[in-house]
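Residue-level structure breakdown
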Amino acid sequence: MTDDAPAPPAPLASAPAPPDEPAGALPTDGSRLRALLPDLAPWHASADFRRLWLAGVITNFGTFLTFVALPVQLKDLTGSAAAVGAIGAVELLPLIVFGLYGGALADAYDKRKLILSTEAGQGLLSAVLLLNALLPRPAVWPLYVVAALSSALGALQRPALDALVPRIVAHDHLPAAASLNSLRWTVGGVAGPAVAGVVVAYAGLGAAYGADLVTFVVSVVLGLGLAASPAAHEAAKPSLRSIAEGARYAWSRKELLGTYVVDIAAMLFAMPLAVLPFLADELRAPWSLGLMYASFPAGALVVSLTGGWTSRIHRHGRMVVLSAAAWGLAVAAAGVAGNVWLVLLLLTLGGAFDMVSGIFRGAMWNQTIPDELRGRLAGIELLSYSVGPQLGQVRSGGMAAWRGVRTSVWSGGLLCTGAVALLALCLPGLMRYDARTNEHAVRLRARRTGAAV
């Protein structure tokens, strides 16, 4: 459904253990390998998590088909790059408005019903795209209407999805669940666009939209097996006052606030997607453009496939900051490098660091936010990791037009790292955060453990 370095060997028993790892025997090569593999505890323990994960894999793959097909169709119908770029503009406002309102809905109503209804709505939009593509002369305006409505439905759904995970996954399994969910996204991010290019080129736009429609049908069927997830008794009804209450809570939690602003800074300054076509041309390697787009999810996929170590890290705030700063440095180095293969390697490395930051942001959110506020805070989270990339395209494109493509990339990376370092100094609570001792994490763990007894 629509919707983010390995630990060193454990020391000998006689030596003191590092803060984030238990003391134990010297591991064998087999245990080292198992420690790197994804932690499947949430998958084994929760049938609802399995259903949600499988539904997400399927529908995410279909969504990437439309992600590629829609701009291709607009280009074919209009021949205008501006018309293709306008898709982002029509998606932004619904994302902001319905993301915040979707958070309030997720706290006030049954999350399962919200997820199923929005998923069915997305399927209907895919059907509209399919019917339009089959017309002798497809119209342009439905593409923009569908893009705006799809953005609104996705924004309504995402807070309910995020708020549901802590209900169906044990508290101590939440970091592993975040890693598995990132794996779900990265598999689609790598395979989806590649398959979409083949489908659109050889089977046509209708086939891409039709396949997306089928994935939504399968996802809804899987979602019907989810248990009901009604609102908490103390949940506030959707209103501007309830949304403001969520914002006040986020403001009162400086370590939580830090995760939002760090992510916004990273995406605002160092997301270079808008200038990658021009970077490929400057490197005299236009053939590399597809690889550049795939490099970020490829790096994220490597982290997801080797993410078992994330379950043994407890200083999540520190990892959010360090990995976001490293993301900026990797992008800056890519802007300076003159060899296309080195650029691809650095972009892949950046994608890996960005995924590490995302995993630990998600763990902090899920392990500390009370259930009655989880939806509204998920709406704020949606804005933090969605609006930043949108604004980042404006920044990178404007800087490229003013000072050149390479300058846009390396300066953005350095600005990201500097901004993250400054935020870490201004928000020391973020660097001190420890999932074992943080008062909000301890309180929520006790509440959930008591509810499970």
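Bear in mind the structure is a predicted one, so any value in this text is a computation, not a measurement.

**A look at the overall build of the protein chain**
Within the protein chain, the regular secondary structure consists of 18 helices and zero strands. The buried share of the protein chain, taken over its 453 residues, is 51%. Element-wise, carbon and sulfur atoms account for 71% of the exposed surface of the protein chain, whose accessible area totals about 19400 Å².

**A word on the side chain of Lys111**
Note that Lys111 resides in helix H5 (residues 111-134). The residues touching Lys111, leaving out its near neighbours within four places in the chain, are Ala106, Ala160, Ala163, Leu164, Arg167, Ser229 and Pro230.

**Quick look at helix H10 (residues 254-270)**
Between its terminal C-alpha atoms H10 stretches 23 Å, which fits the 24 Å expected from 17 residues at 1.5 Å a residue. Burial analysis of H10 places twelve of its 17 residues in the buried class, which makes it a mostly covered element. Taken together, the buried positions of H10 are occupied by Glu255, Leu256, Leu257, Gly258, Thr259, Tyr260, Val262, Asp263, Ala265, Ala266, Met267 and Ala270.

**Description of the pattern of salt bridges**
The tally for this structure, following the rule as stated, stands at 13 salt bridges. A salt bridge links Arg376 to Glu245, with the shortest nitrogen-to-oxygen separation between them at 3.1 Å. With Arg376 in helix H15 (residues 374-403) and Glu245 in helix H9 (residues 240-252), the pair connects residues that are 131 residues apart, well separated along the chain. Residues Arg315 and Asp434 are paired through a salt bridge, measuring 3.9 Å at the closest nitrogen-oxygen approach. Of this pair, Arg315 sits in the loop between helix H12 (289-305) and helix H13 (316-336) while Asp434 sits in the loop between helix H17 (428-432) and helix H18 (439-452), and the two are 119 residues apart along the sequence. Salt bridges sharing partners connect three or more residues here, namely Asp107, Glu245 and Arg376.

**A look at H9**
Spanning 13 residues, H9 covers 18 Å between terminal C-alpha atoms, matching the ideal 18 Å at 1.5 Å per step. The set of residues buried in H9 consists of Ser242, Ile243, Gly246, Tyr249 and Ala250. With its buried residues spanning 120° around the axis, H9 presents them on a single face. Facing away from the buried side of H9, by more than 90 degrees, are the exposed residues Leu240, Arg241, Arg248, Trp251 and Ser252.

**Points about the nonpolar core**
Nonpolar side chains tend to gather and get buried jointly when the protein is soluble and globular. The biggest cluster of nonpolar side chains holds 48 residues, and the ones touching the most others in it are Leu279, Met292, Trp327, Val343, Leu347 and Val420. The element contributing the most residues to this core is helix H14 (residues 340-368), with eleven residues. Residue contacts for Val343: discarding those within four places in its chain leaves Leu279, Leu283, Met292, Ala334 and Ala337. In terms of nonpolar packing, the next biggest core, distinct from the first, is built from 39 residues, Leu65, Leu153, Ile168 and Leu301 among them.

**Here's the deal with the packing of aromatic side chains**
Geometrically, a pair of aromatic rings is defined through the distance of the ring centres and the angle of the planes. Within this structure, the stated rule accounts for five aromatic pairs. Ring plane angle 90° and centroid distance 5.5 Å describe the contact between Trp43 and Trp53, whose orientation is recorded as edge-to-face. Here Trp43 is found in helix H2 (residues 41-45), whereas its partner Trp53 is found in helix H3 (residues 47-78), with ten residues between them in sequence. With 5.4 Å between their ring centres and 55° between their planes, Phe296 and Trp327 make a pair best called tilted. Of this pair, Phe296 sits in helix H12 while Trp327 is found in helix H13, placing the two residues 31 residues apart along the sequence.

**Describing the environment of Leu291**
Position of Leu291 relative to the elements: it lies in helix H12. A residue is classified by how much of its surface remains accessible, and Leu291, at 41% relative accessible area, is partly exposed.

**Side note on a nonpolar patch on the surface**
Nonpolar side chains collect at one region of the surface, where Leu93, Ile96, Val97, Phe98 and Tyr101 lie side by side and expose about 430 Å² of accessible area between them. Checked against the element boundaries, Leu93 lands in helix H4 (residues 81-108).

**So, the confidence of the model for the protein chain**
Summing up the model confidence of the protein chain, the mean pLDDT is 83 and the portion of residues at 70 or higher is 89%. Here residues 2-27 is modelled with pLDDT under 50, and outside its nearest four sequence neighbours on either side it reaches 54 contacts, counting other chains as well.

**Examining the packing of H13 against helix H16 (residues 405-426)**
Across the interface, H13 lies against H16 with an axial gap of 7 Å and an inter-helix angle of 160°. With respect to H16, the element H13 is oriented roughly antiparallel. Once H13 is placed against H16, the crossing between them reads as left-handed. Listed contacts from H16 to Val321, Ala324, Ala325, Trp327, Gly328, Leu329, Val331, Ala332, Ala334, Gly335 and Val336 of H13 are Arg406, Val409, Trp410, Gly413, Leu414, Cys416, Thr417, Val420 and Ala424. Its residues placed into classes, the contact of H13 with H16 shows 15 nonpolar, four polar and one charged.

What counts, and at which threshold
- Residues numbered from 1 in each chain as written.
- Predicted model: local features only at pLDDT ≥ 70, side-chain atom pairs only at ≥ 80, totals over all residues.
- Heavy atoms only, no water.
- Helix = DSSP H or I, 4+ residues; strand = E, 2+ residues; numbered from the N terminus.
- Buried < 20%, exposed > 50% of the residue type's maximum accessible area, 1.4 Å probe, protein only.
- Areas by Shrake-Rupley, 256 points an atom, 1.4 Å probe, with all protein chains shown as cover.
- Contact = heavy atoms within 4.5 Å.
- Expected span 1.5 Å × (residues − 1).
- Salt bridge = Lys/Arg side-chain N within 4 Å of Asp/Glu carboxyl O.
- Arc of directions from axis to C-beta.
- Core = buried A, V, L, I, M, F, W, Y, C linked by side-chain atoms within 4.5 Å.
- Phe/Tyr/Trp six-rings, centres within 6.5 Å; stacked < 30°, edge-to-face > 60°.
- Patch = residues over 30% accessible without salt bridge, like charges linked within 9 Å, V, L, I, M, F, W, Y side chains within 5 Å.
- pLDDT = per-residue confidence, 0-100.
- Axes fitted to C-alpha atoms, helices over the stretch in contact; angles between N-to-C directions.
- Parallel < 35°, antiparallel > 145°, perpendicular 65-115°, else oblique.
- Left-handed = near helix turned anticlockwise from the far one by under 90°.
- Nonpolar A, V, L, I, M, F, W, Y, C, P; charged D, E, K, R; others polar.

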